[in-house]
Amino acid sequence: MTSPFYLSVAIAVPIPKLFDYHPQPDSDMSHYQAGLRVTVPFGSRELTGVIVNIHQNPQISPAKLKPINALLDTKPLLPLDVYQLGHWLSEYYHQPLGECLSLLWPVLLRKGEQALGSKQTQYSLCPTQPDPGVLKRAPRQVDLLNYLLLNDAQWQKDLVKAGFTPTIMQGLVEKGFLDKQERNSFQPIKGERSQTPLTLNTEQQQALTCIESRSGFKSFLIDGITGSGKTEIYLQAIAPHLEHGKQVLILVPEIGLTPQTVQRFAQRFDADVLLLHSKLNDRERLNAWLMAGEHSLKSHRGQIVIGTRSAIFTPLPNLAMIIIDEEHDQSFKQQDGVRYHGRDVAVVRAKTLNIPIILGSATPSLECLHNGLSGKYQYLRLTQRAGNATSPELQILNIKNQAVHHGLADSLLKPIQDTLDKHQQVLVFVNRRGYAPTLYCPDCAWIAECRQCDAKMTLHQKPAHLHCHHCDSKLNIPRQCPECLSHKIQAMGAGTERLESHLQYKFQSTQVIRIDRDSTQNKNAMETLLKPVHDGEPCIIVGTQMLAKGHHFPKVTLVIMINVDSGFFSADYRAMEKTAQLILQVAGRAGREKDKGVAVIQTEFSDHPMLHLLKEESFHALSLALLDERKNQHLPPYGFQVLLRADCHQPKEAEMFLHRVRQLLNQHQHALNMPNLNMIGPLPAPMELRAGRFRSQLWVAAHNRKVLHHFIGVVLKDIYEVKGFHKVRWGLDVDPTDNM
Ligand code: ADP
Ligand code: ZN
Ligand code: ZN
């Protein structure tokens, strides 16, 4: 008779503790171990959780505990390093362990499904074929045989689509012509070596030599202008690992995962390429996840996993290197729930596994640059474009006192025409989709505003409506001003649709292609729209940030940026950094091959000092100036921040909650004698009302990360205990990257 034991289970609920359960009746302790999933009764629901601990001292009387409903796994599905990463997330981001562990699973496993890949029936020709004479009276079987001779192995579902019935297939199996197998229907992209490595230039070679000279954990920052050959270095750096049949993980921004990117990896190696991106459905994601986790060195076939932020949690038993391309990109930061930063998590994972990690960017984040300059990361710089291309020239066009129509300065029409005449392409960048950002009445100054948000509604023409980009609410376009009944209401400012129609009117024989979230909603729409661009026809592309990453447009030699500098005047202290990154990213689309490119910034603020630093010096010079500012103000990366956000449908509630929290923080600060903490707030969020919720913020900052985290760790329990605000939602954002 063994003594009774209990299971501590982590469940994805916003309560910072583990929950004790009895095991299933008559089950043996040996069935249980940390990391196994279980289903448990929780209130009136059944939830999936993870066993974290098996023990004999329950927190409450055993009589009050319930047994688990079911044990889902016989062995842990997560490798130890990923499971530990979940614990690290919980500690570092101060979030309940259950919520952090739940992040690690594909949705279907979170919902309690079995960890099985989809199997489907596949038919292929038997290696030795019987005498075809026996098929004389079976013409359809002959058809199928001929079809498979031309097409190799085929899934049953595809054969059915091609007009063959399962009876025909079965007939051929019974006669010994076909082989029938149940196989994992998820197939990786089969890479095939068709391209050889390029001969590196001196800077590239130095960087690669440096990476190759180290083994074990080391972070490398490649700070290289667009087109300087960073990707070529990644390719050569991962080559030896793939030759040893290992795995490499490549993280890319949400919109950087283009077919072009994938192709470059697939054409270089005899390795499997797995894509983990947001367009996979839950089943595909589970299959890809399982395939990565089942990778074996015995296969002698390397595996490249390319994915967006959450791919950092993929089980990778033979992981040898991590690469983060466009390291500075905002999409690596999760902006709800557990607000983790994929880049920072990746560095932690590399450290745990004692493997190298390469962070690359044309416009490094100030955090990484600081680590590079201080020697924490190995800093590698590429200052020249690789191959024959030269960097685009940055020009500033002051439009004060200039004629501007539909958002575009008239003086730019001639350079556009000249570019088209040279059979080259033009890219017009405007980071606003829709026709115009504002609908307004000149008679009474009325503006179409969202009722749910402190924001203007965007005017769309295709189809015609008013749309709030913050809460997605839609309205019909009024014919008259709702305030003064004037008929003169008009569009103000310009978005992609407006520039598209203006340019199409001005250049009637030229194709104008609009790329934004609206025009690329359907699967493959982006590729279809971009076909003429890739075919090299003279054309004008009008688009948003979607164009700024991962795309390679060899024929674009003129880039025009409209309204990019509005970010210079934002309340966010990171706005300058982000805006400069965007400008360079977009400018980098120009002149990527032999023709020199020009990038024009159309602006009303042409004498902004930062703009000049960017033009006359470089992004690097600007970054150093910004780092100086941050240092003086003790802002990140020289200081550390935690942002408490709260929101509520009712006005003032969130703010009152944070007032209460602020009192608690003050008491603790006093008791702990921590004068070096700085607190600001509660303050209304920059957009106080959003999607019908009133939002408030409280900042806590310190010069020392340990001090800040210790403090948060101490006060957190009390914040959870604050009573009387059950309608308020709140959350912690550790190392926030924006204040929205
Ligand atoms: P990045 O990733 O820094 O933007 P890429 O690796 O995509 O740069 O390189 C830009 C272009 O230059 C690509 O067309 C690439 O094939 C080419 N390239 C890169 N390295 C070399 C090299 N050493 N010699 C010739 N061409 C190169
Ligand atoms: Zn009016
Ligand atoms: Zn809204």
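Provided above is the structure to which this section pertains.
Residues numbered from 1 in each chain as written. Chains lettered and ligands numbered in written order. Predicted model: local features only at pLDDT ≥ 70, side-chain atom pairs only at ≥ 80, totals over all residues. Heavy atoms only, no water.

## Some points on the packing of helix H12 (residues 366–373) against helix H18 (residues 619–632)
Okay, step 1: Between H12 and H18, the least distance of the axes is 11 Å, while the angle of their chain directions is 90°. Between H12 and H18, the interaxial angle falls into the category roughly perpendicular. Listed contacts from H18 to Leu366, Leu369, His370 and Leu373 of H12 are His620, Ser623, Leu624, Leu626, Leu627 and Arg630. (Axes fitted to C-alpha atoms, helices over the stretch in contact; angles between N-to-C directions. Helix = DSSP H or I, 4+ residues; strand = E, 2+ residues; numbered from the N terminus. Parallel < 35°, antiparallel > 145°, perpendicular 65-115°, else oblique. Contact = heavy atoms within 4.5 Å.)

## Some words on the sheet that holds strand S6 (residues 119–125)
Okay, step 1: The three strands are arranged S7-S6-S8 in an open sheet whose pairing can be described as antiparallel. Single-partner strands in this sheet number two, and they are strand S7 (154–155) and strand S8 (178–184).
Okay, step 2: Where S6 and S7 come together, two bridges link them in antiparallel fashion. Looking across to S7, one finds that Gln122 is bridged to Trp155.
Okay, step 3: Set on the sheet, helix H6 (residues 166–174) makes contact with S6 and S8; between it and S8 the angle comes to about 115°. (Pairing = 2+ DSSP bridges.)

## Describing the coordination of the zinc ion (ligand 2)
By definition of the ideal shapes, four donors in a tetrahedron about a metal sit 109.5 degrees apart, and six donors in an octahedron sit 90 or 180 degrees apart.
Okay, step 1: Bound to the zinc ion (ligand 2) are the protein donor atoms Cys441 (SG), Cys444 (SG), Cys481 (SG) and Cys484 (SG), situated 2.2 to 2.3 Å from the metal.
Okay, step 2: Around the zinc ion (ligand 2) sit four donor atoms; with metal-centred angles ranging over 103 to 113°, the donor geometry is tetrahedral.
Okay, step 3: Within one chain, the residues serving as donors to the zinc ion (ligand 2) are arranged as C-x2-C-x36-C-x2-C. You can see Cys441 sitting in the loop between strand S21 (438–440) and strand S22 (458–461) and its partner Cys484 sitting in the loop between strand S24 (474–475) and strand S25 (490–492), a full 43 residues away along the chain.
Okay, step 4: Relative accessible area serves as the criterion here: at 0%, Cys441 is assigned to the buried category. (Donors = N, O, S within 2.8 Å, 3.2 Å for Na, K, Ca; no water. Tetrahedral: all angles 85-135°; square planar, octahedral: opposite > 155°, others 65-115°. Buried < 20%, exposed > 50% of the residue type's maximum accessible area, 1.4 Å probe, protein only.)

## With respect to unusual backbone geometry
Okay, step 1: Following Pro636, the chain continues to Pro637 via a peptide bond in cis, the omega torsion being 10°.
Okay, step 2: Residues Gly681 and Pro682 are joined by a peptide bond in cis, for which omega reads 5°.
Okay, step 3: Residue His300 is not a glycine yet carries a positive backbone phi of 55°.
Okay, step 4: Relative to the helices and strands, His300 resides in the loop between helix H10 (282–293) and strand S13 (303–307).
Okay, step 5: If you check the backbone angles, Asn401 has positive phi at about 65° while not being a glycine.
Okay, step 6: Tracing the sequence through the fold places Asn401 in the loop between strand S17 (393–398) and strand S18 (404–405).

## Side note on the packing of aromatic side chains
Okay, step 1: Scanning all chains against the criterion turns up eleven aromatic pairs.
Okay, step 2: Through successive ring pairs, a cluster of aromatic residues spans Phe657, Tyr720, Phe725 and Trp730.
Okay, step 3: The residue whose ring lies beneath Arg37 is Trp105, and the NZ or CZ to ring-centre distance is 5.7 Å. (Phe/Tyr/Trp six-rings, centres within 6.5 Å; stacked < 30°, edge-to-face > 60°. Lys NZ or Arg CZ within 6 Å of the ring centre and 35° of its normal.)

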